[in-house]
Amino acid sequence: MKKIFFPHEKLRVYQKSLEFIDIVEEIITSAERKSSIYDQLERASISIVLNIAEGNGKYTCRDRNRFFDISIGSAFECSACIDILFRKGKITENQHEKARENLKAVADMIYGLVKSSESRVYKAGEKYGAD
C-alpha cells in the first residue's frame, strides 16, 4: 500500500479523480489527437485533481470551497468533452459510459465536501438536471 504523506491523499474523491486521469489517458492514447478537444479534456481532468488537493489544504471553508467549485466546473467541462468525443464518433459507447460514471461519482463526492462545509447555504432536496 502507498504511504500517505498529505491529507488530500486520504480522500476517496482524490483517489477517484486519479482513476479518471487513467480513463482519460486511455482515451487520449487510443486517439489520433487531431482535435484540440483532447488537450482540453486532459487539462480539465488534471484540474479536477489539482483543485481537490489544493482546496483540501486550505484552512477556511471559504477558501476550500472556492477550489472545490473550480474542481466541479472542471468535472462538468470533462463531461462535455467526453460527450463531444462520443458524438463525433471518436470514443466508444463503453468509453463514454465508463468516463461518465466515474465523473458522476467524483462530482457527487465533491458536492459532499462542499455541503459538509458550514459556510455554504444549500436548499435541502434541490435537484439539478434536465426534467
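Please refer to the structure placed before this passage.
*Asks:* I'd like to hear about the state of the cysteines, residue by residue, with values.
*Replies:* Applying the stated criterion across every chain, the model contains zero disulfides. Not engaged in a disulfide, the cysteine Cys 78 finds its nearest cysteine sulfur in Cys 81; these two sulfurs lie 6.1 Å apart.

*Asks:* So what's going on with the nonpolar core? Which residues, and what values?
*Replies:* If you look at the biggest cluster of nonpolar residues, it comprises 30 residues, and the most contacted ones within it are Phe 20, Ile 27, Leu 41, Ile 48 and Ile 110. The set of elements that each furnish at least two residues to this core consists of helix H1 (12-29), helix H2 (36-56), helix H3 (61-87) and helix H4 (93-115). Broken down by element, the residue count for this core peaks at eight residues, all from H2. What Leu 41 contacts, discounting residues up to four positions off in sequence, is Phe 20, Val 24, Ile 27, Cys 78, Cys 81, Ile 82 and Leu 85.

*Asks:* Tell me about the side chain of Asn 51, residues and numbers included.
*Replies:* Counting through the fold element by element, Asn 51 comes out in helix H2. With relative accessibility at 10%, the residue Asn 51 sits in the buried group.

*Asks:* Explain the pattern of salt bridges to me, using residue names and the numbers behind them.
*Replies:* Here the structure, examined in full by the defined rule, presents five salt bridges. Salt-bridge contacts for Asp 83 lead to Arg 100; the nearest nitrogen and oxygen are separated by 3.6 Å. Of this pair, Asp 83 sits in helix H3 while Arg 100 sits in helix H4, and the two are 17 residues apart along the sequence. The residue Glu 97 makes a salt bridge to Arg 100 at a minimum N-O spacing of 4.0 Å. Here the residue Glu 97 and the residue Arg 100 both occupy positions in helix H4, the gap between them amounting to three residues, near one helical turn.

*Asks:* An account of empty space enclosed by the protein is requested, with residue identities and associated values reported.
*Replies:* Under the defined criterion, the tally for this structure stands at one cavity of 30 Å³ or more. Counted as a void, the largest cavity has a volume near 30 Å³. As for the largest cavity, its lining consists of Ile 23, Glu 26, Ile 27, Gln 95 and Lys 98. Listed by contribution, the elements that provide at least two residues to the lining of the largest cavity are H1 and H4. Counting residues per element, the lining of the largest cavity draws most heavily on H1, which supplies three residues.

Thresholds, definitions, all that
- Residues numbered from 1 in each chain as written.
- Predicted model: local features only at pLDDT ≥ 70, side-chain atom pairs only at ≥ 80, totals over all residues.
- Heavy atoms only, no water.
- Disulfide = S-S within 2.5 Å.
- Core = buried A, V, L, I, M, F, W, Y, C linked by side-chain atoms within 4.5 Å.
- Buried < 20%, exposed > 50% of the residue type's maximum accessible area, 1.4 Å probe, protein only.
- Helix = DSSP H or I, 4+ residues; strand = E, 2+ residues; numbered from the N terminus.
- Contact = heavy atoms within 4.5 Å.
- Salt bridge = Lys/Arg side-chain N within 4 Å of Asp/Glu carboxyl O.
- 1 Å grid on protein atoms, 1.4 Å probe; cavity = no way out; pocket = protein on both sides within 12 Å on 5 of 7 lines; lining within 4 Å.
- Points joined across faces, edges and corners; volume = space filled by probe spheres on them.

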